[in-house]
Amino acid sequence: MKKNLPVTTQQVDIAPGITLVSKTDLKGVITYANEAFIDISGFVLEELQGHSHNIVRHPDMPPAVFEDMWKVLHSGKPWQGLVKNRCKNGDFYWVDACVVPIRRNEQTIGYMSVRKRAEPAAITKAQALYQKIARQGMPKAWKLPSWLGIRFGMRAGTIFVAVLMLAGGALGIGGLKLADAAFERMYHQQFEPAIAVGQIEAKLSTIRASMLEVQLARHADGAVSQLASAHVQQLQTYYDDIAELFTALNRAVPSESAATRSLTQALQQYTTESQSLIAAQSAAPKDSSTLPLEVQQQLLALEHNASLAAQALRQTLADEAQQEFTETLQRNARIRHFAIVGIIAGLLIVAAVGHLFIRGIVNPLNASIRGLNRIAEGDLQGAINLSGTGETAKLNHAATVMQLHLKVMLDEIALAARRIHRHCQTLNAALYEVTEHSEAQHDQVYSAIRALDTAVSETSDLSTRAERLLELASSQHSELADETRELATATRLTAFGAEEVASSMRQVAELIVENRGEAQQAWRASEELMHTARELSNLVAFFEPQQHTAPDSTQAT
């Protein structure tokens, strides 16, 4: 990087209200500089125009700062920062600079730098920062991404709310479906089998009672024997009912269950042996005394085994129902916890995003609105605001560019008004002198005209007398007559010449009067122009409330 030398330790102080303006092309070559910038820098306009802007760069400025500036400018955004510049004689001055792109037809055609006086506290911070940058390089500043704007926020917020609603609906509907499935499984796999087991146990008790009735009926007469045969048929019906209940139980309860296999074996053994016992009891002699006891003992043992197997299966079903109930409660608890965590996380995300949205969009947008209100009130001296992201950043950047362009435009208008006022004062002074000289010349010319009129009158009188003398002399002396004639002719010619001179003098007097009138008209036009310049200055003063510069001041702002 070019290092401008020499440098001194002398700081040039910039008065409040002074604005330094320069414009460059896309390569940083100066195309315009206002008087304030020329005066502070110490260069003449010819030394600035057509040269690179780094002609005023101070060696103490880290190159990384200007690299960051060009990076921001090439992205189409304004750049703001404190800059230490070098004067031509080596002195330095600090400015609070804001560089904005100059755009025409949506194309960047150059850059404009608007600088004002930097505050001492800001200069101290900038010096410490630039020393750190010179040692460690440009620090990475955290900021919200440029794509995070109002449009993205609306879309992301809509999607996020929709996702939350879908997630909540999925949790609610899914939880209900899981609960329905759990109740359905509990009903079909535990409750219905338990009912079937209970019915089987009831049938077993009924079968035992019927078999006892068969044993008692076999010792009766024929009619009772017929009743016993009916009991036997009823027992067969019970066995069929048990088979149907068992079939239904096998459909509801997996057959690989140990309790189910145990009950299956017990029921099969009970059914087979009880039917054999019934057949043996029917075929045995009526006077057999041991058979009913043996049947009862064997039947009770089989029934007891089947009842134990049924109780074991019922307990197993109860345990499975308890386990299913516990798992359902645990699953519902997990769903509730997940829903609570999701709600808390959603609220935290909404709060965080809302904070970022307010910080990165709403607050800069409010600042932009306040800045635009200040501009509408005529205050162009407000602080530059380049904060925000997305559409808000674009609005702040556009407001900044507009404010600086208006400020520079008004600065140029004020400068032109002061020049017009100054030149009008010079013109008025010259016109006043012309008017005074015209008055004097007019008086002198009219004095000369009056003298000429007197001379013409006297010459005419002399010519008349010469003609009379010629008449007297012509009758007596011829020589005297000739001389008198010559005298009369010369006198007449002199009178004619004097009349012509007097006529020319009158024309000169008329021209002097006309010139005096034109000078007075020029005076009035100059006064009107001065009045227009004062009005322009007053208009600029409305937009520059902190600046109170006289219209004839030669100091650029």
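Computed from a prediction, not measured in an experiment: that's the story for all the values here.

**Some words on the overall build of the protein chain**
Working step 1: Regarding its fold elements, the protein chain presents 10 helices and five strands.
Working step 2: Per-residue burial for the protein chain yields a buried fraction of 36% across its 557 residues.
Working step 3: Counting only contacts in the protein chain whose residues sit at least 6 apart along the sequence, the fraction spanning at least 24 positions is 70%.

**Topic: the packing of aromatic side chains**
Working step 1: Evaluated as defined, the whole model comprises two aromatic pairs.
Working step 2: Note on Trp70 and Tyr111: the rings are 5.5 Å apart at their centroids and 85 degrees apart in plane angle, and the pair reads as edge-to-face. Here Tyr111 lies in strand β5 (residues 107-117) and Trp70 lies in helix α3 (residues 63-74), a separation of 41 residues in the sequence.
Working step 3: Each ring, one from Trp94 and one from Tyr130, has its centre 6.3 Å from the other, and the planes form 15 degrees; the classification is stacked. Within this pair, whereas Trp94 is found in strand β4 (residues 92-104), its partner Tyr130 is found in helix α4 (residues 120-136), the two being separated by 36 residues in sequence.
Working step 4: Judged by its relative accessible area of 6%, Trp94 is buried.

**Brief notes about α3**
Side chains of residues three or four places apart in an α-helix project in the same direction, reflecting 3.6 residues per turn.
Working step 1: In a regular helix each residue adds 1.5 Å, so 12 residues correspond to 16 Å; α3 covers 17 Å between its end C-alpha atoms and thus fits that length.
Working step 2: Within α3, burial applies to Ala64, Val65, Phe66, Met69 and Leu73.
Working step 3: Against β3 (79-86), β4, β5 and α4 lie the buried residues of α3.
Working step 4: Once α3 ends, the next one or two residues include Gly76, with phi positive near 90 degrees.

**Some thoughts on the side chain of Asp91**
Working step 1: Structurally, the position occupied by Asp91 is in the loop between β3 and β4.
Working step 2: Salt bridges are absent for the buried Asp91, whose nearest opposite-charge side chain, Arg86, sits at 8.7 Å.
Working step 3: Here the side chain of Asp91 touches Thr8 through a polar contact of 2.5 Å, side chain to side chain.

**Here's the deal with the sheet that holds strand β1 (residues 20-24)**
Working step 1: Read from one edge of the open sheet, five strands run β2-β1-β5-β4-β3, paired in antiparallel fashion. With partners counted over all chains shown, the strands left at the sheet margins are β2 (30-33) and β3, one partner each. When strand polarity is set aside, the average angle formed by the axes of neighbouring strands in this sheet is 30 degrees.
Working step 2: Pairing analysis gives 10 bridges linking β4 to β5, with the strands arranged antiparallel.

**What about empty space enclosed by the protein?**
Working step 1: Under the defined criterion, the tally for this structure stands at two cavities of 30 Å³ or more.
Working step 2: Taken as a whole, the largest cavity encloses approximately 100 Å³ of empty space.
Working step 3: Along the walls of the largest cavity sit 13 residues, with Gly371, Ala383, Asn385, Ala399 and Gln403 positioned nearest its centre.
Working step 4: Elements with a minimum of two residues in the lining of the largest cavity: α8 (291-376) and α9 (391-474).
Working step 5: Of all the elements, α8 adds the most residues to the lining of the largest cavity, at six residues.
Working step 6: Across the lining of the largest cavity, the residue classes tally to six nonpolar, six polar and one charged.

**Quick word on the pattern of salt bridges**
Working step 1: Across all of its chains, the model carries five salt bridges by this definition.
Working step 2: Across the salt bridge formed by Asp13 and Arg117, the nearest N and O atoms sit 3.6 Å from each other. With a gap of 104 residues between them, Asp13 in the segment before β1 and Arg117 in strand β5 connect regions that are remote in the sequence.
Working step 3: Given the relative accessible area of 26%, Arg117 is considered partly exposed.
Working step 4: Salt-bridge contacts for Arg419 lead to Glu35; the nearest nitrogen and oxygen are separated by 2.5 Å. Separated by 384 residues along the polypeptide, Arg419 in helix α9 and Glu35 in helix α1 (residues 35-41) bring together distant segments of the chain.
Working step 5: Exposure remark for Glu35: the relative accessible area of 23% places this residue in the partly exposed category.

**Let's talk about the pairing of β2**
Working step 1: As defined by bridge partners, β1 adjoins β2 across three bridges and the pair is classed as antiparallel. From the neighbouring strand, Thr24 faces β2, where its bridge partner is Ile30.
Working step 2: Connecting β1 to the antiparallel partner β2 that follows it, the hairpin turn spans five residues, and Gly28 within it adopts a positive phi of roughly 85 degrees.

**A word on the pairing of β3**
Working step 1: Most of β3 is tucked away, with seven of its eight residues classed as buried.
Working step 2: Here β3 runs beside β4; their pairing, made up of eight bridges, is antiparallel. Along β4, the bridge assignment pairs Gln80 with Cys98.
Working step 3: Between β3 and β4, which follow one another and run antiparallel, lie five residues, and Gly90 among them has a positive phi close to 100 degrees.

**Considerations on the nonpolar core**
Working step 1: Membership of the largest hydrophobic core comes to 35 residues, with the highest contact counts inside it found for Leu20, Leu48, Tyr93, Trp94 and Tyr130.
Working step 2: Elements represented by at least two residues in this core include exactly β2, α1, α3, β3, β4 and α4.
Working step 3: Per-element accounting of this core gives the leading share, six residues, to β4.
Working step 4: When residues no more than four places from it in sequence are discounted, the contact partners of Tyr130 are Met61, Pro62, Val65, Leu82 and Trp94.
Working step 5: In this structure, Cys98, Met112, Val114 and Ile384 belong to the second largest nonpolar core, which totals 10 residues.

**Concerning the confidence of the model for the protein chain**
A low pLDDT score tells you not to read the predicted coordinates there in detail.
Working step 1: When pLDDT is averaged across the protein chain, the result is 77; 77% of the residues are at 70 or more.
Working step 2: Within the model, the stretch residues 287-291 combines pLDDT values under 50 with five contacts to residues more than four positions away or in other chains.
Working step 3: In this model, residues 546-557 is a region of pLDDT below 50 whose contacts with residues beyond four sequence positions or in other chains number 26 contacts.

**What about a nonpolar patch on the surface?**
Working step 1: A surface patch of nonpolar side chains, about 340 Å² in accessible area, is lined by Ile150, Met154, Phe357 and Ile358.
Working step 2: Every element with two or more residues in the nonpolar patch is listed here: α5 (150-217) and α8.
Working step 3: Counting through the fold element by element, Ile358 comes out in helix α8.
Working step 4: The exposure class of Ile358 is partly exposed, given its relative accessible area of 44%.

The rules behind the values
Residue numbers run consecutively from 1 along every chain, following the written order of its sequence. In keeping with the predicted nature of the model, local features appear solely for residues at pLDDT of at least 70, side-chain atom pairs appear and are counted solely at 80 or more, and the whole-chain, interface and lining totals rest on all residues. Note: side-chain values were computed over all heavy atoms of the structure, leaving out hydrogens and water. Secondary structure follows DSSP: runs of H or I at least 4 residues long count as helices, runs of E at least 2 residues long count as strands, and numbering of each begins at the N terminus. Working definition: with a 1.4 Å probe on protein chains only, accessible area under 20% of the residue-type maximum means buried, over 50% means exposed, and in between means partly exposed. Only heavy atoms enter the contact rule, under which two residues are in contact if any of them lie within 4.5 Å. Any pair of Phe, Tyr and Trp rings, taking the six-membered ring for Trp, is counted once the centres come within 6.5 Å. Such a pair is stacked with planes under 30 degrees apart, edge-to-face with planes over 60 apart, and tilted for the rest. One less than the residue count of a helix, multiplied by 1.5 Å, gives the span that helix is expected to have. When charges are counted, Lys and Arg contribute as positive and Asp and Glu as negative, whereas His and the chain ends are disregarded. Salt bridge criterion: a side-chain nitrogen from Lys or Arg within 4 Å of a carboxyl oxygen from Asp or Glu. Definition of a polar contact: a pair of N or O atoms within 3.5 Å, with one able to donate and the other able to accept a hydrogen when the atoms are protein atoms, and with sequence-neighbouring residues admitted only if both atoms are side-chain atoms. Note on pairing: DSSP must find at least two bridges between two strands before they are called paired. Each axis is a line fitted through C-alpha atoms, taken for helices only over the stretch in contact, and angles between the N-to-C directions span 0 to 180 degrees. A 1.4 Å probe that fits into a set of points on a 1 Å grid over the protein atoms alone but cannot get out defines a cavity; an open set with protein on both sides within 12 Å along at least five of seven lines defines a pocket, and lining residues are those with an atom within 4 Å of a point. Grid points are joined across faces, edges and corners, and a volume is the space filled by probe spheres set on the points. Residues are sorted three ways: Asp, Glu, Lys and Arg are charged, Ala, Val, Leu, Ile, Met, Phe, Trp, Tyr, Cys and Pro are nonpolar, and all the rest, Gly among them, are polar. Residues belong to a common nonpolar core when they are buried Ala, Val, Leu, Ile, Met, Phe, Trp, Tyr or Cys residues joined through side-chain atoms within 4.5 Å. The predictor attaches a confidence to each residue, and that confidence, scored 0 to 100, is pLDDT. The residues that make up patches have over 30% relative accessible area and no salt bridge, and they are joined within 9 Å when like-charged or within 5 Å when they are Val, Leu, Ile, Met, Phe, Trp or Tyr. For the accessible areas, the method is Shrake-Rupley and the probe is 1.4 Å, while residue cover comes only from the protein chains on display.

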